[in-house]
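Listed below are the residues making up each chain.
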Amino acid sequence: MAISFRRRGPSAYAAAFCLIAILTLLLYAFRSSINSATVSLCYLLAIVITAIVGQSRAALVASILSALLLNYFFLPPYYTFTISDPENWITVFVFLTVALTVGHLSARERERSAEAERLFNEL
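Everything numeric in this text was worked out from a predicted model, so none of it was measured.

Enquirer: Residues and numbers for helix α1 (residues 10–29), please.
Expert: Here α1 is 20 residues long and its end C-alpha atoms lie 29 Å apart, about the 28 Å a rise of 1.5 Å per residue gives. Burial in α1 covers these residues: A12, A16, I20, L23, T24 and L27. Along the axis of α1, the buried positions cluster into a sector of 105°, meaning they face one direction only. Those residues of α1 that are exposed and angled more than 90 degrees off the buried face are P10, F17, I22, L25, L26 and A29. Against the buried residues of α1 lie α2 (36–53) and α3 (56–74).

Enquirer: Give a detailed account of the packing of α3 against helix α4 (residues 86–122), specifying residues and quantitative values.
Expert: Remark: α3 packs on α4, axes separated minimally by 9 Å, with the N-to-C direction vectors making an angle of 160°. Between α3 and α4, the angle falls in the class roughly antiparallel. Where α3 crosses over α4, the handedness of that crossing is right-handed. Across from S56, A59, L60, S63, I64, S66, A67, L70 and N71 in α3, the residues of α4 making contact are V92, F95, L96, A99, L100, G103, H104 and A107. Looking at the contact of α3 with α4 residue by residue, the class counts come to 11 nonpolar, six polar and no charged.

Calculation notes
- Residues numbered from 1 in each chain as written.
- Predicted model: local features only at pLDDT ≥ 70, side-chain atom pairs only at ≥ 80, totals over all residues.
- Heavy atoms only, no water.
- Helix = DSSP H or I, 4+ residues; strand = E, 2+ residues; numbered from the N terminus.
- Expected span 1.5 Å × (residues − 1).
- Buried < 20%, exposed > 50% of the residue type's maximum accessible area, 1.4 Å probe, protein only.
- Arc of directions from axis to C-beta.
- Contact = heavy atoms within 4.5 Å.
- Axes fitted to C-alpha atoms, helices over the stretch in contact; angles between N-to-C directions.
- Parallel < 35°, antiparallel > 145°, perpendicular 65-115°, else oblique.
- Left-handed = near helix turned anticlockwise from the far one by under 90°.
- Nonpolar A, V, L, I, M, F, W, Y, C, P; charged D, E, K, R; others polar.

That is the geometry; function is a separate question.
Right under this line is the structure:
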């Protein structure tokens, strides 16, 4: 029998929030030496982990939170939700679209895998 690391309910949201918060602190420490693409990819990895370990809705929350934090801490002007460079509008829009899609697909794949395992065990 496999050990399940899947989180449900409030614990999935709390785990997603903590993961994104810790990642933001780590990335912020290196903000002067990394670019927005690096930050985006790190957030995407966190969203995939959230989707696999948590659930689809927790990944959705992580996606929106990550997009807001990307804008606030890593895109100039810093510490505002204003986007001054038109390219950064594209960055935030593409990031949010990809994050939502990847989170949803990862969670759906995890659910299908669990269902297939359940059906296999019934045989």
